[in-house]
Amino acid sequence: VTEIKESLRHAAVWSKGPRRWAVFKRNPKKSTKSEDEAFNPLSQVFDAVIHEARQTIGNRETTLIYASRPTKLPTSERSNSTRPDAFLLLREKKSIDDKTDTSNDSWNDIAVSFEFKKGTGEEDRKDDEKKVIWSLHHIMRSDPCRRSTLGVTIEDTQMRFWFTCRAITLVSKPFNFFTEPERLIHFFCSLAFANEQQLGWDPTVQRVCVEGKPQYNITVADAMQGRGTRVFQVRLTLQNGQPVHNAQPLVLKDSWRELDRAREDEILVQIFDVSEARKYFLTVLAAGDVIVDGKKDKTASLLRDADELPPDFGLHPLPADDSPKWKPTRTGEGLTPNFSCVPPSVKKSKIHHRIHYRLVFKEVCEPIHDLKRLDIVFKTLMDVHEALELLHGVGWVHRDISTGNVLYFGGMGKLADLEYAKHRMDSNATHEVRTGTLDFMACEVKAQKYLFGPFRVEALDEDRNLPFKFNPLHDMESLWWIATWTLFYHVDQEGGRPSSQQVANFYELFPGRLDSASRTNAFLTALKYKVLPASFQHAGYEVALMPAAIVAANKESEMTEPPDYKNPLEKLNSVFTERLASAFALSRNIKMFSPNTKRQQEDPPSDTRDPKQPKRDDSREPSNAGHQ
């Protein structure tokens, strides 16, 4: 780095007095030009650094090139209307559009996203943060070929680097890239000459074009030795890539589990010895951990095998938007909750690393949130309740009951996603992370303390010997939240709209925020099922009777320390069996529809400038945040 800096000084690219990049005539903050033009010289800095680096290390071609096209929208297979101010992208495209068209940038080729601001105020910094986080999030959610990605934010001369993978998101402390050029030189060189795997791409997933549509060749068996889960409908192929004749469609799950957790196939083997129980769960045909460069693909390899953060690290709060959105709530694999901020727990330096794995399932199921008939929803819940009874009966809790892992196949319900399942509820093993999907978490799990007994115990209370622990009653409550969400989200007429009372009650029950007490209050208040569409109200009455039984079970179990849930669970199971069966009988052939409102799943930060015009200082409004 020192040698490259000296070469840049001799080439009059970097000036020692005053210390600055010579191609920047003045600090961006003092520039009278637009933001785009004020930061345009950064492209010349990149080119000059790479030119001198190639003289130093040999005339080797770079993997990445620098591009700044802030008025042009990169293409994406998933809807996205934002435009980074600049980016480092692959020289050899991995996207499947016209590879000869260098003006057609794709998110699938972007390795590093940049956001610039001339100003240095708090609003400038927050706006950059929102936009770069959205870029990182969009890449990780939309591109199945990614394991990690990077970003850069600059306010005047203050630069920060961003990194995200399935284990953690990191941001560097700011530095002045004018007076500390070594950091920028190191950053540009490290990335420009890295290979695709080092830059976060997955060599075991190849994007291909089949009949004009993007599809993926995914290695599962032969090379097998916050989860980021993707689920694909797949067909087996031969070694040459040709599909197997008459191959039936299967399901492939690609995910990242925490290192100390077993794979779902391994958990299933541990749980069940009898075939009767397996009918409620998915059939695993193939399973294994992903291999990259001859080693298991772990997030630690993306962080130079670091298990601890630097001693002086800090927690960086991210601003977010509290405005609720009328939307279906799925698992953590899909929608991003509207946290008022990322709720930091206790500051801990340990990184919870993850390992990349894949499973192939026989059944191609429908998640419960995609079902169109109310009776089928309650039939699915009845079967999953039986699955939970079996699970609890052998000493396990699921810990992530949600609409994304309660499935329907072949006329019956099935329970999936056992990665968070925990063996033996009296286990002393604890995880500092709160598990579950926000809108379906039991109230106690969300609060991380017991709420109904004569005592109150905080999670991981070091002053007591009784930390808060997940138990089977919490799984049962999550099942109730799914039934409630189904009733209050849907309408019974195609093209219909929910009443204002239904919408208001939906937001009380599902506020979409981790720190909201209103949800617990709504749970403890009589369910207002009469605001539902008329055809839903009979089933709604049955669902409205269940919270009292849930509260009673919790109160009885929490009369002792630790809570004794055995007898209360038996009583609660009887209530669930009766009420779900009644709701099923009262819902025969009742159709349900998503409301006729524009569904906002994950809105990117607003970007209102004319795509044909350069970006001005005031052209980007504060973003619609809430995306962590």
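Rules and cut-offs
- Residues numbered from 1 in each chain as written.
- Predicted model: local features only at pLDDT ≥ 70, side-chain atom pairs only at ≥ 80, totals over all residues.
- Heavy atoms only, no water.
- Pairing = 2+ DSSP bridges.
- Helix = DSSP H or I, 4+ residues; strand = E, 2+ residues; numbered from the N terminus.
- Buried < 20%, exposed > 50% of the residue type's maximum accessible area, 1.4 Å probe, protein only.
- Axes fitted to C-alpha atoms, helices over the stretch in contact; angles between N-to-C directions.
- Patch = residues over 30% accessible without salt bridge, like charges linked within 9 Å, V, L, I, M, F, W, Y side chains within 5 Å.
- Areas by Shrake-Rupley, 256 points an atom, 1.4 Å probe, with all protein chains shown as cover.
- Salt bridge = Lys/Arg side-chain N within 4 Å of Asp/Glu carboxyl O.
- Core = buried A, V, L, I, M, F, W, Y, C linked by side-chain atoms within 4.5 Å.
- Domains from an automatic or database assignment.
- Contact = heavy atoms within 4.5 Å.
- Polar contact = N/O pair within 3.5 Å; in protein donor to acceptor, adjacent residues only side chain to side chain.
- Arc of directions from axis to C-beta.
- Parallel < 35°, antiparallel > 145°, perpendicular 65-115°, else oblique.
- Left-handed = near helix turned anticlockwise from the far one by under 90°.
- Nonpolar A, V, L, I, M, F, W, Y, C, P; charged D, E, K, R; others polar.
- pLDDT = per-residue confidence, 0-100.

Things to note about the sheet that holds strand β20 (residues 406-409)
Move 1: Spatial ordering of the open sheet is given by β18-β20-β21, a layout of three strands whose pairing is antiparallel. Looking along the sheet, the strands with just one partner apiece sit at the ends: β18 (366-367) and β21 (412-415).
Move 2: Here β18 runs beside β20; their pairing, made up of two bridges, is antiparallel. Across the sheet, P367 pairs through a bridge with L407, a residue of β20.

Description of the pairing of strand β13 (residues 250-258)
Move 1: Burial analysis of β13 places nine of its nine residues in the buried class, the great majority of the element.
Move 2: Where burial is concerned, the two faces of β13 agree: the one with L250, L252, D254, W256 and E258 and the one with V251, K253, S255 and R257 are both buried.
Move 3: In the sheet, strand β12 (residues 230-234) pairs with β13 via five bridges, with the strands oriented antiparallel. Pairing of Q233 across the sheet is with V251, part of β13.
Move 4: Where β13 meets strand β17 (residues 354-361), eight bridges bridge the pair, whose relative direction is antiparallel. Across the sheet, R257 pairs through a bridge with I355, a residue of β17.

Focus: the sheet that holds strand β14 (residues 284-289)
Move 1: What the four strands build is an open sheet, ordered β12-β13-β17-β14; its pairing is antiparallel. Either end of the sheet is taken by a strand with one partner, and the two such strands are β12 and β14. With direction set aside, neighbouring strand axes in the sheet form an average angle of 20°.

Regarding a nonpolar patch on the surface
Move 1: A surface patch of nonpolar side chains, amounting to about 250 Å² of accessible area, comprises L236, L238 and V244.
Move 2: Along the polypeptide, L236 turns up in the loop between β12 and β13.

Description of the nonpolar core
Move 1: Judged by nonpolar contacts, the single largest core of 63 residues is most densely connected at F281, F378, L381, W480 and F576.
Move 2: Considering every element that reaches this core, the biggest residue donor is helix α11 (residues 472-489), with eleven residues.
Move 3: Counting residues domain by domain, this core receives three or more from each of domain 2 (219-307 + 353-364) and domain 3 (365-425 + 436-455 + 467-598).
Move 4: Each residue touching F281, except ones within four places of it in the same chain, is listed here: L268, F272, E363, A387, L391, K414, L415 and L418.
Move 5: Grouped together as the second largest cluster of nonpolar side chains are 60 residues, A38, L64, L184 and F193 included.

Points about unusual backbone geometry
Excluding glycine, most residues fall at negative phi; most peptide bonds, likewise, are trans.
Move 1: In this chain, E561 is followed by P562 through a cis amide linkage whose omega measures -5°.
Move 2: Mapped onto the fold, P562 is located in the loop between α15 (546-557) and α16 (566-585).
Move 3: With a phi close to 60°, D156 is a non-glycine residue in the positive phi region.
Move 4: Relative to the assigned elements, D156 resides in the loop between β6 (148-155) and β7 (158-165).
Move 5: A positive phi angle, near 60°, is found at N246, a position not held by glycine.
Move 6: Summarising the element assignment, N246 is placed in the loop between β12 and β13.

Details of the environment of E558
Move 1: Tracing the backbone shows E558 in the loop between α15 and α16.
Move 2: In sequence terms E558 and G453 are 105 residues apart; their C-alpha atoms lie 4.6 Å from each other.
Move 3: Among the polar contacts made by the side chain of E558, one reaches the main-chain amide nitrogen of F452 at a distance of 3.1 Å.

Here's the deal with the environment of R358
Move 1: If you trace the backbone, R358 turns up in strand β17.
Move 2: On a C-alpha basis, the gap between R358 and W256 in space is 8.6 Å, while along the polypeptide they are 102 residues apart.

Observations regarding helix α12 (residues 500-509)
Move 1: Looking at α12, one finds that the buried residues are Q502, N505, F506 and L509. Buried residues of α12, viewed axially, fall in a sector of 105°; they line one side.
Move 2: Packed against the buried residues of α12 are α11 and α13 (518-524).

Quick look at the packing of helix α3 (residues 41-57) against helix α5 (residues 181-192)
Packed helix pairs are characterised by how far apart their axes lie and by the angle those axes make with each other.
Move 1: Viewed as axis vectors pointing N to C, α3 and α5 meet at an angle of 70°, and their least axial separation amounts to 10 Å. The orientation of α3 relative to α5 falls into the category roughly perpendicular. Between α3 and α5 lies a crossing whose hand is right-handed. Between α3 and α5, the contacting residues are L42, V45, F46, V49, I50 and A53 on the first element and L184, I185, F188, C189 and A192 on the second.
Move 2: Tallied by class, residues from the contact of α3 with α5 come to eleven nonpolar, no polar and no charged.

Things to note about the pattern of salt bridges
One side chain can pair with another of opposite charge once the charged atoms of both are near each other.
Move 1: Counted under the stated rule, the structure contains 37 salt bridges.
Move 2: The salt bridge partner of E258 is R261, with a shortest N-O separation of 3.9 Å. Each member of the pair E258 and R261 is classed as buried.
Move 3: In this structure, a network of salt bridges that share partners links the residues E122, R125, K126, E129, E155 and R160.

Examining the side chain of R207
Move 1: You can see R207 is positioned in strand β10 (residues 205-210).
Move 2: Here N108 takes part through its side chain, which lies 3.3 Å from a polar atom of the side chain of R207.
Move 3: Looking at R207, its side chain comes within polar contact range of the side chain of D143, at 2.5 Å.
Move 4: Every residue in contact with R207, bar those within four places of it in the chain, is listed here: E77, K94, S95, I96, N108, D143, P144, C145, Q215 and Y216.

Here's the deal with the confidence of the model for the chain
Move 1: In this model, the chain carries an average pLDDT of 83, and 83% of its residues clear a pLDDT of 70 or more.
Move 2: Predicted confidence for residues 457-463 stays below pLDDT 50, and this span has 17 contacts to residues more than four positions away or in other chains.

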